Amino acid sequence: MNTNQQAVAMAGLLSFTGALHFLYPAPFDSIVPPQLGNRRLITHASGLAELGTAAALMIPGTRRAGGLCTAALMLAVYPANIYSVKKYWRQPRARAVALARLPLQVPLVRAGWNIARA
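So, here is what we can say about the structure in this document.

Definitions and cut-offs
- Residues numbered from 1 in each chain as written.
- Predicted model: local features only at pLDDT ≥ 70, side-chain atom pairs only at ≥ 80, totals over all residues.
- Heavy atoms only, no water.
- 1 Å grid on protein atoms, 1.4 Å probe; cavity = no way out; pocket = protein on both sides within 12 Å on 5 of 7 lines; lining within 4 Å.
- Points joined across faces, edges and corners; volume = space filled by probe spheres on them.
- Helix = DSSP H or I, 4+ residues; strand = E, 2+ residues; numbered from the N terminus.
- Nonpolar A, V, L, I, M, F, W, Y, C, P; charged D, E, K, R; others polar.
- Buried < 20%, exposed > 50% of the residue type's maximum accessible area, 1.4 Å probe, protein only.
- Polar contact = N/O pair within 3.5 Å; in protein donor to acceptor, adjacent residues only side chain to side chain.
- Core = buried A, V, L, I, M, F, W, Y, C linked by side-chain atoms within 4.5 Å.
- Contact = heavy atoms within 4.5 Å.
- Patch = residues over 30% accessible without salt bridge, like charges linked within 9 Å, V, L, I, M, F, W, Y side chains within 5 Å.
- Areas by Shrake-Rupley, 256 points an atom, 1.4 Å probe, with all protein chains shown as cover.
- Salt bridge = Lys/Arg side-chain N within 4 Å of Asp/Glu carboxyl O.

1. Let's talk about the layout of surface pockets
Then, number 1: Estimated volume of the largest pocket: approximately 740 Å³.
Then, number 2: In this structure, the largest pocket is lined by 33 residues; those nearest its centre are F28, I31, V77, N81 and R101.
Then, number 3: Those elements that place two or more of their residues in the lining of the largest pocket are α1 (3–23), α2 (26–30), α3 (39–58), α4 (63–76), α5 (78–87) and α6 (92–117).
Then, number 4: It is α6 that contributes the most residues to the lining of the largest pocket, 7 residues altogether.
Then, number 5: Tallied by class, residues from the lining of the largest pocket come to 23 nonpolar, 8 polar and 2 charged.

This is the structure:
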């Protein structure tokens, strides 16, 4: 997959998940670590960040910044993924999903970085 295709694919993924933050916020709220404060506000802020990053990836003039923002965003949401493992540790199915998400962040960070470098 070339960099343009990678940017379009990442923009699609970020647009989809960003929209879900507003359409179905409860699952996202539930994995925001409580010490961060207002979970709904954080869910909406992260959804907005995903939508904004997706837009930046689609515009050739802002694609490099969009790639950097993608990598940073994927790192920034990692604590929620770690928290979800802790939260769902006693629920085998939910724990398996939460654990599976941890290594999946790595290719997303890498994709953002690759887009930024192109």
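Past the structure itself, the notes keep going.
2. Quick word on the environment of S30
Then, number 1: Tracing the backbone shows S30 in helix α2.
Then, number 2: Residue S30 is classed as buried on the basis of its relative accessible area, which comes to 17%.
Then, number 3: For the pair formed by S30 and G52, sequence separation is 22 residues and the distance between their alpha carbons is 23 Å.
Then, number 4: Polar contacts involving the side chain of S30 include one to the side chain of Y88, which spans 3.4 Å.

3. What about the nonpolar core?
Then, number 1: Residues M10, L14, L57, M74 and I115 are the most contacted members of the largest nonpolar core, which totals 13 residues.
Then, number 2: Of all the secondary structure elements, the ones that give two or more residues to this core are α1, α3, α4 and α6.
Then, number 3: Beyond its immediate sequence surroundings of up to four residues, I115 is in contact with T3, Q6, A7, M10, L57, R63 and G67.

4. Regarding a nonpolar patch on the surface
Then, number 1: Residues V8, M58 and I59 make up a contiguous nonpolar surface patch of roughly 260 Å² in combined accessible area.
Then, number 2: Position of I59 relative to the elements: it lies in the loop between α3 and α4.
Then, number 3: Under the relative-accessibility criterion, I59 is labelled partly exposed at 47%.

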